[in-house]
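The chain contents come next:
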Amino acid sequence: RIIALKVQRPGIVELIETDLTILRSLARRASSLFPDLRVYNPEGMVDEFATQIRRELDFTQDGMNAERLKRNLAEMPCVKIPRIHWDLSGPSMLAMDYVEGVRIDDVEAIRSLGLFPEEVAAVGFEAYVKQIFVDGFFHGDPHPGNLLVTREGEIVFLDYGLVGVLRPERRRGFVDLL
């Protein structure tokens, strides 16, 4: 079996912690030098950013997010989330099934597979509508490098370190707006 490995770059945790210390210092200085900025809570923004980036550094959380997306999207046969190999995974390495595909923004490659880009886009749209409005848990980093299209026309979601959570009352509010 062929698997893909996501491996944390050596020294990245220490580098990020140093950067976060610098950001916190800058936020404190900005708040004291420019009192009008306090309304934006620069220190709180850095703290929130720090929390999120630390979550992204834990590949165990990444794998749990993948499994939750997989469960939530199981009824959509045109969406694929690779299986996580927990026996090979940990906080700094994530092992998953390797999936062959082309980037979702490579229209010519999608056409060369005999697929219609409009149909692929419709599947992607439907998958995000379900994630956001039905499940309230969604893939939060949908750039073209994290979305592949297989020969069978499946959309493959990759990189689950950044996810969004929308509480039921917020989802209802968005649905009411629509």
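Residues numbered from 1 in each chain as written. Predicted model: local features only at pLDDT ≥ 70, side-chain atom pairs only at ≥ 80, totals over all residues. Heavy atoms only, no water.

A.B. asks: Can you walk me through unusual backbone geometry in this structure?
C.D. replies: Leaving glycine out, the prevailing phi sign among residues is negative, and the prevailing peptide bond configuration is trans. Despite not being glycine, Asn-41 has its phi angle at roughly 55°, a positive value. Even without a glycine there, the phi angle at Asp-159 is positive, about 65°. Tracing the backbone shows Asp-159 in the loop between strand S7 (155-157) and strand S8 (163-165). Its relative accessible area of 24% is what places Asp-159 among the partly exposed residues. (Helix = DSSP H or I, 4+ residues; strand = E, 2+ residues; numbered from the N terminus. Buried < 20%, exposed > 50% of the residue type's maximum accessible area, 1.4 Å probe, protein only.)

A.B. asks: Please clarify how helix H5 (residues 117-135) should be interpreted in this entry.
C.D. replies: Side chains that are three or four residues apart share a direction in an α-helix, a result of its 3.6 residues per turn. Taking 1.5 Å per residue, 19 residues should reach 27 Å; H5 reaches 26 Å between its end C-alpha atoms and fits that length. Among the residues of H5, Pro-117, Val-120, Val-123, Gly-124, Ala-127, Tyr-128, Lys-130, Gln-131 and Asp-135 are the ones counted as buried. End-on view of H5: buried residues confined to an arc of 155°, all on one side of the axis. Of the exposed residues in H5, those oriented more than 90 degrees away from the buried face are Glu-118, Glu-119, Phe-125 and Val-134. Gly-136 lies just past H5 and shows a positive phi near 70°. (Expected span 1.5 Å × (residues − 1). Arc of directions from axis to C-beta.)

A.B. asks: Explain the packing of aromatic side chains to me, please; I cannot follow it from the model alone.
C.D. replies: The description of an aromatic ring pair rests on the distance of the ring centres and on the angle between the ring planes. Under the defined criterion, the tally for this structure stands at one aromatic pair. Arg-68 extends its terminal NZ or CZ atom over the ring of Phe-137, reaching a point 3.9 Å from the ring centre. (Phe/Tyr/Trp six-rings, centres within 6.5 Å; stacked < 30°, edge-to-face > 60°. Lys NZ or Arg CZ within 6 Å of the ring centre and 35° of its normal.)

A.B. asks: Hey, could you run me through the packing of helix H1 (residues 12-33) against helix H2 (residues 42-57) in this one?
C.D. replies: Between H1 and H2, the least distance of the axes is 8 Å, while the angle of their chain directions is 170°. With respect to H2, the axis of H1 lies roughly antiparallel. Here Ile-12, Val-13, Ile-16, Glu-17, Leu-20, Leu-23, Arg-24, Ala-27, Arg-28 and Ser-31 of H1 come into contact with H2, specifically with Pro-42, Glu-43, Val-46, Asp-47, Phe-49, Ala-50, Ile-53, Arg-54 and Leu-57. Here the residues of the contact of H1 with H2 are counted per class, giving 12 nonpolar, one polar and six charged. (Axes fitted to C-alpha atoms, helices over the stretch in contact; angles between N-to-C directions. Parallel < 35°, antiparallel > 145°, perpendicular 65-115°, else oblique. Contact = heavy atoms within 4.5 Å. Nonpolar A, V, L, I, M, F, W, Y, C, P; charged D, E, K, R; others polar.)

A.B. asks: Even after reading the chapter, I still don't get the pattern of salt bridges, so can you show me in this structure?
C.D. replies: Note on pairing: side chains with opposite charge can pair once their charged atoms come close. On inspection of all chains with the given rule, the structure shows 10 salt bridges. Close ionic contact of Lys-6 with Asp-159 constitutes a salt bridge, the shortest N to O distance being 2.8 Å. Residue Lys-6 is located in strand S1 (residues 3-7), and its partner Asp-159 is located in the loop between S7 and S8; the two are separated by 153 residues in the primary sequence. Linking Glu-17 and Arg-54 is a salt bridge whose minimum nitrogen-to-oxygen distance equals 2.8 Å. Within this pair, whereas Glu-17 is found in helix H1, its partner Arg-54 is found in helix H2, the two being separated by 37 residues in sequence. Through salt bridges with shared partners, a single ionic network connects Arg-1, Arg-83 and Asp-97. (Salt bridge = Lys/Arg side-chain N within 4 Å of Asp/Glu carboxyl O.)

A.B. asks: Can you help me understand helix H3 (residues 59-72) in this one?
C.D. replies: The end-to-end C-alpha distance of H3 is 20 Å, a good match for the 20 Å that 14 residues give at a rise of 1.5 Å each. Taken as a whole, H3 has its buried residues at Phe-59, Asp-62, Gly-63, Asn-65, Ala-66, Leu-69 and Asn-72. Looking at the buried residues of H3, the elements they touch are S1, H2, strand S3 (93-97), H5, strand S5 (137-139) and S8. Capping the start of H3, Asp-58 holds a side-chain oxygen 3.0 Å from the backbone nitrogen of Thr-60, two or three residues further along. (Polar contact = N/O pair within 3.5 Å; in protein donor to acceptor, adjacent residues only side chain to side chain.)

A.B. asks: Quick question: what am I supposed to make of the sheet that holds strand S2 (residues 79-80) here?
C.D. replies: The strands that make up a sheet pair up through hydrogen bonds in the backbone, lying either parallel or antiparallel. Across the sheet, which stays open at both edges, the four strands sit in the order S2-S7-S6-S4 with mixed pairing between neighbours. Among the strands making up the open sheet, the edge pair consists of S2 and strand S4 (102-103). Note: S2 against S7, two bridges, orientation parallel. In the sheet register, Lys-80 faces S7, and the bridge partner there is Val-156. Contacts between H5 and the sheet are confined to S2, strand S6 (147-149) and S7, with S7 contributing the most and set at about 45° to the helix. (Pairing = 2+ DSSP bridges.)

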